[in-house]
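Each chain, written out:
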Amino acid sequence: MENAQAYLFYVFAALAVICAIMVVANPFSRSPVTSAMFLVLTMGCLAGLFTLLHAFFLAAVQILVYAGAVMVLFLFVIMLLDLKEEQRRQVKSLSLVAGLVSVGAILAIFVRSLIATKPGEGALANVEGSTSKLGKLLFTQYLLPFEIVSVLLLVAMVGVVLLSKKDLK
Amino acid sequence: MFDNITNWIDGLTAMQQFVLFSGVKIFAVFGVLMTCVAYAVWVERKVAAAIQDRVGPNRAGPFGLLQPACDGIKAFLKEDFTPDHVRKAYFWIAPAIALIPALLTVAVIPFGSNLGAQKMVIADLNVGILYTFGIVSLGVYGIVLAGYAANSKYPFIGGIRSSAQMVSYELAMGMSVIPLFLWVGDLNLSQLVISQQGFVGWLPDALGSVRLPNWLVFQSPMLALSFFIFLVAAFAETNRTPFDLPEAEQELAGGYNIEYSSIKFALFFMGEYAAMITASAMMVTLFFGGWTLPWFGLDQPATSIPGGLLHIGIFFVKVVAFVFTIVWVRWMWPRFRYDQLMDLGWRRFIPLALVNIVVTALWLWIRSRS
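Since the model is a prediction, treat every value here as computed from it, not as a measurement.

Caption draft 1: Layout of the nonpolar core. Membership of the largest hydrophobic core comes to 111 residues, with the highest contact counts inside it found for A:L75, B:I129, B:Y169, B:F230 and B:L286. Setting aside chain neighbours within four positions, we find B:Y169 in contact with B:V232, B:A233, B:A236, B:E237, B:F243, B:L341, B:L344, B:G345 and B:F349.

Here it is, written out as structure tokens:
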């Protein structure tokens, strides 16, 4: 049983990395639709990893929200764009630098936190499994971050409405 | 012979037994579902014929019962033509992506109480309903990619229209079941079925033997409204009339699947019917008591093999009743216009579902205070 879980972890982790690479550097196709589809696969692999950690709620929501809703909208928008122009476009040096800097920063944070925590230590995983426990935590201990995130989403929504209006009165 | 098998099963470890029984359940459910898909087409054609005062398929076998087999053979043997201008990779995987989500959804639906020591559900997840919605939401990809793969105008418009429709109604569908789970307090579908045992408590005693089953649809007006929203959303999600715009024949020359032929076309077709059956199974489980019947103690988990089979039979009959209703509606209602469809989804059903959640929450809060 333990062995099977370890194997599944390696399978999902390897697939997630491969799919993630295919999103940004696919040697066979430069089509944004293909990139988006590989991103969906990456989300699926992440959901698999969450399941192995017994975070079933997180896994289900990962599929429901990211793979099922967000990526469908991505695909929707990509398909309505002019794909030919998008495929011809070369990578600009400025965006390359910006991308490398942000990836490097995230990598630095990951490495630092990996070094700081030893296996078996760190934050207690007290939200795994039960949905009601997770809900209670969100509305008690983590109420402020939760509300801030919802305000952030509201701001984004208001922004979209504002931008999509042609002439502001 | 039978003893040998029992001994062999008892000799296995718990893990091996789990793998064995899960495998058997998966194959059995898959087999039954695919047979039902084939015969749903037959039912559709027979009901259509009866409503339009025709005979319907009657050549292959008695009452045309072998028609699905003939259709299957035809679909496999026809030329599988791939037009030059399509995007090959997507053209190949789109039909499979359209069919798979409908098949995966059944994994969490409890289709019976138990047979022997085995629970009659493939995966008894504690987030069952979220899993279902997650998988259903992946169904959009099949149609979007089919439209994109065809690389021509009409299928593309069909695909885009369909994805917009499915995304819109997914929201209403997801929100319509929240009152249900507020009411029951559990996301596990087996627990949900257990909570629907017996008769409803709110009917006056004066009615005597006239009693309603304690199914969630009858438990409160809010849940009845939930069912109504879910039903409409299920029609839209499975692309059935009055919401079958993705394949509006007159407007889009057939929609997202024009460029497909042979078994690839048949896969889209099967996907639609499989989705229809799983949507029916969901409605039965969520609102109509699953495998339970309040009479003759049939709402308790079975203790014997015949009892277990009877529960599976009850579930099956309920699902068939829903499938029949969905087919029936197709020949009774005209199609909605696209703007009407969007208006109904976003401006009627989503606010209605939101209000329903708030009202249910308020009602539960008041009840818990008193």
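Anyway, onward from the coordinates.
Caption draft 2: The packing of helix α4 (residues 88-105) of chain B against helix α12 (residues 262-287) of chain B, seen in detail. All names here are of chain B. Where α4 meets α12, the closest approach of the two axes is 8 Å, and the angle between their N-to-C directions is 20°. Put simply, α4 runs roughly parallel to α12. Read as a crossing pair, α4 and α12 show a hand that is left-handed. Counting all contacts with α4, which are made through F91, W92, A94, P95, A96, A98, L99, A102, L103 and T105, the residues of α12 involved are K264, L267, F268, M270, G271, A274, A275 and T278. A breakdown of the residues in the contact of α4 with α12 according to their chemical character gives 14 nonpolar, three polar and one charged.

Caption draft 3: How the structure looks around the interface of chain A and chain B. Contact residues are listed per partner, giving 24 residues for chain A and 23 residues for chain B. Each partner contributes to the roughly 1,900 Å² buried at the junction of chain A and chain B, and carbon and sulfur atoms together form 80% of this total. One can count zero salt bridges joining chain A with chain B. At the boundary of chain A with chain B, the tally comes to two residue pairs in polar contact (both at pLDDT 80 or more). Those elements giving two or more residues to the side of chain A that touches chain B turn out to be α2 (32-52) and α3 (56-80) of chain A. Per element, the largest residue contribution to the side of chain A that touches chain B is 15 residues, and it comes from α3(A). Broken down by class, the residue content of the side of chain A that touches chain B amounts to 19 nonpolar, five polar and no charged.

Caption draft 4: Quick peek at the packing of aromatic side chains. All names here are of chain B. Counted under the stated rule, the structure contains 20 aromatic pairs over all chains. Ring geometry for Y39 and W42: centres 6.3 Å apart, planes at 65°, overall edge-to-face. Remark: W42 and Y39 occur in helix α2 (residues 14-51); sequence separation between them is three residues, near one turn of the helix. Taking the centre distance of 6.1 Å and the plane angle of 40° together, the rings of F324 and W328 count as tilted. Taken together, the residues span about one helical turn, with F324 and W328 both in helix α13 (residues 305-330) at a distance of four residues. A network of ring pairs unites the aromatic residues W215, F218, F227, F230, F287, F288 and F322 as a single cluster. The aromatic ring of Y148 is capped on one face by R87, whose charged end is 4.0 Å from the ring centroid. Taking the ring centre of W92 as reference, the NZ or CZ of K264 above it sits at 4.0 Å.

Caption draft 5: Quick look at α13(B). All names here are of chain B. Between its terminal C-alpha atoms α13 stretches 38 Å, which fits the 38 Å expected from 26 residues at 1.5 Å a residue. If you check which residues of α13 are buried, you get G307, G308, H311, I314, F315, K318, V319, F322, V323, I326, V327 and V329. In this fold, the buried residues of α13 make contact with α2, β1 (114-115), α10 (221-237) and α12.

Caption draft 6: The arrangement of the pattern of salt bridges in detail. Residues and elements named next belong to chain B. Applying the stated criterion across every chain, the model contains eight salt bridges over all chains. Between E44 and R240 there is a salt bridge, and its shortest N-O distance comes to 2.9 Å. Linking E44 in helix α2 with R240 in the loop between α10 and α11 (249-252), this pair joins segments that are 196 residues apart in sequence. With relative accessibility at 4%, the residue E44 sits in the buried group. For D343, the salt bridge goes to R347, with nearest N and O atoms at 3.2 Å. With D343 and R347 both in helix α14 (residues 338-369) and four residues apart, this pair spans about one turn of that helix. Each of E44, R240, E272 and R330 takes part in one network of salt bridges that share partners.

Caption draft 7: A look at the environment of B:L352. Residue and element names in this part refer to chain B. Of note, L352 is situated in helix α14. Relative accessible area serves as the criterion here: at 33%, L352 is assigned to the partly exposed category. As a C-alpha pair, L352 and L145 span 207 residues in sequence and 32 Å in three-dimensional space. Residues contacting L352, with those up to four places away along its chain left out, are L225 and I229.

Criteria and thresholds
Residues numbered from 1 in each chain as written. Chains lettered and ligands numbered in written order. Predicted model: local features only at pLDDT ≥ 70, side-chain atom pairs only at ≥ 80, totals over all residues. Heavy atoms only, no water. Core = buried A, V, L, I, M, F, W, Y, C linked by side-chain atoms within 4.5 Å. Buried < 20%, exposed > 50% of the residue type's maximum accessible area, 1.4 Å probe, protein only. Contact = heavy atoms within 4.5 Å. Axes fitted to C-alpha atoms, helices over the stretch in contact; angles between N-to-C directions. Helix = DSSP H or I, 4+ residues; strand = E, 2+ residues; numbered from the N terminus. Parallel < 35°, antiparallel > 145°, perpendicular 65-115°, else oblique. Left-handed = near helix turned anticlockwise from the far one by under 90°. Nonpolar A, V, L, I, M, F, W, Y, C, P; charged D, E, K, R; others polar. Buried area = accessible area lost by both parts, 1.4 Å probe. Salt bridge = Lys/Arg side-chain N within 4 Å of Asp/Glu carboxyl O. Polar contact = N/O pair within 3.5 Å; in protein donor to acceptor, adjacent residues only side chain to side chain. Phe/Tyr/Trp six-rings, centres within 6.5 Å; stacked < 30°, edge-to-face > 60°. Lys NZ or Arg CZ within 6 Å of the ring centre and 35° of its normal. Expected span 1.5 Å × (residues − 1).

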